[in-house]
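Here's the letter readout for the chains.
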Amino acid sequence: MNTSKDTERANDKLGFWSIVLLAINSIIGSGIFLTPGSVVSQAGSKSLVVYLIAAIFAAILAISFSAAAKYVTKSGASYAYSKAAFGDNVGFYVGILRYFSASVAWGVMAVGVIKSTISIFDGNPDSVMNVTIGFLVLMLLITIINLFGQKFVKFVMNIATAGKLFALVLIIVAGVVLLLTTGASHNLAMVDQITQNGHKIVPTLTTTGFVMAIVSAFYAFTGFESVPSGSDDMQEPEKNLPRAIPLAIFVIAAIYIGVVAVGLVLNPKALMTTKQVVAISAIFDNEILRDVILVGALVSMLGINVASSFNAPRILEAMAREKQLPSSLTKRTKNNFPIRTFFISEGLAILVPLAFQYNMVNLITLSAMVRFLGFIIVPLAVICFYFGKNKEQVLLAPKNVWTDIVIPILSIIVVIFLLVKYNWQAQFGIIKNGQVVGINWYAILMMVFGFIILPLLMFLFTKKKRK
């Protein structure tokens, strides 16, 4: 018999459109506001094709995660899927990696918000003291938002998503209006000929260069894999997730391509050469319009931090519910807030960036690599579910050879392709003037800590608790 408390808790859960907005919020962060110029600088007039291909890659992977969600509705996303398909040991390892990655990614995005805010107000974003103060204030704000409970978190995420979508749609609409009223536009072919200091900005496009541009654009679509992490707090996740995530990818792809298209035909040189923090605002001369876009960018970054604060703690909580971590980690407040896993996650999100003095390159390394691990494990899990080779019982979901076999195989091929073409030298080397001049030991040590030391420590801790 359902009690009024159960009914209230069910109403607090995210419905279909809130899941769509959560997915959009989890994917659209700072990237489309800050970095479209880097993709345009690599691909020039082919940038729209690059974003389209990146969106197709992301959609293929998203469909694999959506297919897994219909078989396993427990929170934890890649952790829950890998555990159900391959057993406790694989699940534990993937869960710890994914949790640490999500917590570090939260910290990275928090640093991004603070540094961008400091720069916008003409402060020094390289000052460790300035960033630390701003960082702690932001984390306090996110803590307060979460303490009010899921209903308030849902409200804030929905508002943040609406705000960032408004800013991005405004860029598209304002760009189209300017093009129609002034007629000042650039032929796409002209983009490849733009020069700075007598040299062409866009290099001659080779196959390798084209692929690297796709990889760069692909990162603007990552984040969808974290959406199912809190499926226990969603209404009918087995039905809603497989529909919500691909829809979010479609909406985001349309917006990204529209924004980049406006930049290419309105003011591509400003997009590629600006020193402004929010690069996309540089294509406009109107200061009011720029300010609105800046506010939208900050709202976007705040929103993705709130989304991260929702997703990361629930990975750890999911492991505790599966008895792979102490059950005390499942404690929630009367507002249905996972208080213990939240503060552990927030601690990691604060301490790891602080330990690396907010070096964004080093911090992004582990988060990116673990995502690729999940992109291989989850499609393999879906194939296991289809053939009934899973280690744990899963839901009797309707099987589909396209979404459960063909798409997961394509997903694995896509990930292997991206890994082969990944710029490993830039990730693990110290680059100066385009040349590798040393080894980035911080990045290597962080990989060793995340992939070996942390899982081992957590395993020993859990084993001791069980005894």
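Residues numbered from 1 in each chain as written. Predicted model: local features only at pLDDT ≥ 70, side-chain atom pairs only at ≥ 80, totals over all residues. Heavy atoms only, no water.

**Section: the overall build of the protein chain**
Here is the rule: Runs of E in the DSSP output that reach at least two residues are strands. Runs of H or I that reach at least four are helices, and both are numbered from the N terminus. A 1.4 Å probe rolled over the protein chains alone gives each residue an accessible area, and that area as a share of the maximum for its type sets the label: buried under 20%, exposed over 50%, partly exposed in between. Residue contacts are counted whenever heavy atoms from the two residues lie within 4.5 Å of one another. Only the protein chains shown count as cover for residues, with accessible areas throughout obtained via the Shrake-Rupley method and a probe of 1.4 Å.
Across its full length, the protein chain carries 18 helices and four strands. When each of the 467 residues of the protein chain is scored for burial, the buried share is 54%. Excluding contacts between residues fewer than 6 apart, the proportion of contacts in the protein chain whose partners are at least 24 apart in sequence is 80%. Summing over all exposed atoms, the protein chain offers an accessible surface of approximately 20400 Å²; the carbon and sulfur share of this is 66%.

**Quick notes on the environment of Thr274**
Among the structural elements, Thr274 can be located in the loop between helix H12 (268–273) and helix H13 (287–321). For the pair formed by Thr274 and Gly37, sequence separation is 237 residues and the distance between their alpha carbons is 8.4 Å. If sequence neighbours within four positions are ignored, Thr274 has contacts with Ala279 and Ala282.

**Quick look at the confidence of the model for the protein chain**
This is how it is decided: Known as pLDDT, the predictor's per-residue confidence is scaled from 0 to 100.
In this model, the protein chain carries a mean pLDDT of 81, and residues with pLDDT of at least 70 account for 89%. Per-element averaging of pLDDT across the protein chain places helix H1 (residues 4–12) at the bottom with 54 and helix H6 (residues 78–86) at the top with 90.

**Some details on a nonpolar patch on the surface**
Threshold: Distance thresholds for patches are 9 Å for like charges and 5 Å for nonpolar side chains (Val, Leu, Ile, Met, Phe, Trp, Tyr), applied to residues having over 30% relative accessible area and no salt bridge. The salt bridge criterion pairs a side-chain nitrogen of Lys or Arg with a carboxyl oxygen of Asp or Glu, the two atoms within 4 Å.
Together, Leu140, Ile144, Phe148, Phe152, Phe155 and Ile159 give the surface a local cluster of nonpolar side chains, amounting to about 600 Å² of exposed area. If you list the elements that add at least two residues to the nonpolar patch, you get helix H8 (128–147) and helix H9 (150–182). Top element by residues in the nonpolar patch is H9. It accounts for three residues. With respect to the helices and strands, Phe155 occurs in helix H9. Residue class for Phe155 comes out partly exposed when judged on its relative accessible area of 48%.

**Description of the pattern of salt bridges**
In total, this model carries seven salt bridges according to the counting rule given. With a shortest N-O distance of 3.5 Å, Glu317 and Arg321 are connected by a salt bridge. Residue Glu317 and its partner Arg321 are both found in helix H13; the two are separated by four residues, about one turn of the helix. The buried category is assigned to Glu317, whose relative accessible area is 1%. One salt bridge connects Arg332 with Glu317, and the closest N-O pair in it is separated by 2.7 Å. With Arg332 in the loop between H13 and helix H14 (339–355) and Glu317 in helix H13, this residue pair connects regions lying 15 residues apart in the sequence. Given a relative accessible area of 17%, Arg332 falls into the buried group. Through salt bridges with shared partners, one network takes in Lys74, Lys83, Asp88, Glu322 and Glu392.

**Re unusual backbone geometry**
With a phi close to 65°, Lys323 is a non-glycine residue in the positive phi region. With respect to the helices and strands, Lys323 occurs in the loop between H13 and H14.

**A few points about the side chain of Gln324**
As a reminder of what qualifies: What qualifies as a polar contact is a pair of N or O atoms within 3.5 Å, subject to a donor-acceptor requirement within protein and to the restriction that residues adjacent in sequence count only when both atoms come from side chains.
Within the fold, Gln324 resides in the loop between H13 and H14. The exposure class assigned to Gln324 is buried, which follows from its relative accessible area of 4%. A polar contact is formed between the side chain of Gln324 and the backbone oxygen of Asp88, at a distance of 3.0 Å.

**Quick word on the packing of aromatic side chains**
Heads up, the rule is: Centres within 6.5 Å make a pair out of two Phe, Tyr or Trp rings, where for Trp the six-membered ring is used; the pair is then stacked when the planes are under 30 degrees apart, edge-to-face when over 60, and tilted otherwise.
In the structure shown here, the tally under the stated rule is 18 aromatic pairs. Relative to Phe385, the ring of Tyr71 lies with its centre 5.4 Å away and its plane at 40°, an arrangement referred to as tilted. Note that Tyr71 is positioned in helix H5 (residues 47–71) and Phe385 in helix H15 (residues 360–387), a separation of 314 residues in sequence. The exposure class of Phe385 is buried, given its relative accessible area of 1%. Taking 6.2 Å as the distance between ring centres and 75° as the angle between the ring planes, the aromatic pair formed by Phe92 and Phe459 counts as edge-to-face. Linking Phe92 in helix H7 (residues 88–120) with Phe459 in helix H18 (residues 441–466), this pair joins segments that are 367 residues apart in sequence.

**Here we look at the nonpolar core**
What counts here: Working definition of a nonpolar core: buried Ala, Val, Leu, Ile, Met, Phe, Trp, Tyr and Cys residues. They are joined through side-chain atoms within 4.5 Å.
Formed by 115 residues in total, the largest nonpolar core has its most connected members in Phe33, Tyr81, Phe221, Phe224, Tyr256 and Ile280. For Tyr81, the contacting residues outside a window of four places in its chain are Phe65, Ala68, Ala69, Val72, Pro228, Val378, Ala381 and Phe385. Among the nonpolar cores identified, the runner-up in size contains 19 residues, and Tyr99, Ala102, Ala318 and Leu325 belong to it.

**Some words on the packing of helix H2 (residues 16–27) against helix H11 (residues 237–266)**
So the rule is basically this: Comment: axis = line fitted to C-alpha atoms, over the contacting stretch for helices; angle = value between 0 and 180 degrees taken between N-to-C directions. Orientation labels follow simple angle bins: below 35 degrees gives roughly parallel, above 145 gives roughly antiparallel, 65 to 115 gives roughly perpendicular, and whatever is left gives oblique. Each crossing gets its handedness from the near helix: less than a right angle anticlockwise from the far helix is left-handed, clockwise is right-handed. Under the scheme applied here, ten amino acids are nonpolar (Ala, Val, Leu, Ile, Met, Phe, Trp, Tyr, Cys and Pro), four are charged (Asp, Glu, Lys and Arg), and all others, including Gly, are polar.
It is at 8 Å that the axes of H2 and H11 come closest, and there the two elements cross at 45°. Between H2 and H11, the interaxial angle falls into the category oblique. Where H2 crosses over H11, the handedness of that crossing is right-handed. When H2 is examined against H11, the residues Phe16, Trp17, Ile19, Val20, Ala23, Ile24 and Ile27 are found in contact with a partner set consisting of Asn240, Leu241, Arg243, Ala244, Leu247, Ala248, Ile249, Val251, Ile252 and Tyr256. Looking at the contact of H2 with H11 residue by residue, the classes come out as 15 nonpolar, one polar and one charged.

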